Amino acid sequence: QTPVAVAKRPSTMSMFSVVRKQMKSHPSLIPLFIFIGGGATMSMLYLARLALKNPDVSWDRTNNPEPWNKLGPNQQYKFFSVNTDYSKLKKDRPDF
């Protein structure tokens, strides 16, 4: 009879050891892990930027209940602006 290799159950192996084992046996998966990890990292960084920099989000309602009213007309809060030069805009709305 031929000896049968007994594999560890996945529940007893850590996730990183499973990934390391797959990367050693299939090196063509390395770019996939790199790009998926990079995409997940960039999406989490963008969500953090939206939560911290967007004027629609109010973290401190007692001291600054309406942060969108304190924005100047030349203050850019969008991540990417195609045709607008924010430094040349003038105030065209009333103060509240």
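Look up a bit, the structure's there.
Keep in mind that what you see is a predicted model, and the values were worked out from it rather than measured.

## A word on the overall build of the protein chain
Thinking step 1. The helix and strand tally for the protein chain stands at two helices and zero strands.
Thinking step 2. A burial count over the protein chain gives 5% of its 96 residues as buried.
Thinking step 3. Contacts spanning at least 24 positions in sequence make up 15% of the contacts within the protein chain whose residues lie at least 6 apart.
Thinking step 4. When the accessible surface of the protein chain is split by element, carbon and sulfur atoms take 62% of a total near 9000 Å².

## Some points on the environment of Leu50
Thinking step 1. Looking at the element boundaries, Leu50 is found in helix H2 (residues 30-53).
Thinking step 2. For Leu50, a relative accessible area of 27% corresponds to the partly exposed category.
Thinking step 3. Sequence spacing of Leu50 and Phe79 is 29 residues, and the spatial spacing of their C-alpha atoms is 9.0 Å.

Parameters and conventions
Residues numbered from 1 in each chain as written. Predicted model: local features only at pLDDT ≥ 70, side-chain atom pairs only at ≥ 80, totals over all residues. Heavy atoms only, no water. Helix = DSSP H or I, 4+ residues; strand = E, 2+ residues; numbered from the N terminus. Buried < 20%, exposed > 50% of the residue type's maximum accessible area, 1.4 Å probe, protein only. Contact = heavy atoms within 4.5 Å. Areas by Shrake-Rupley, 256 points an atom, 1.4 Å probe, with all protein chains shown as cover.

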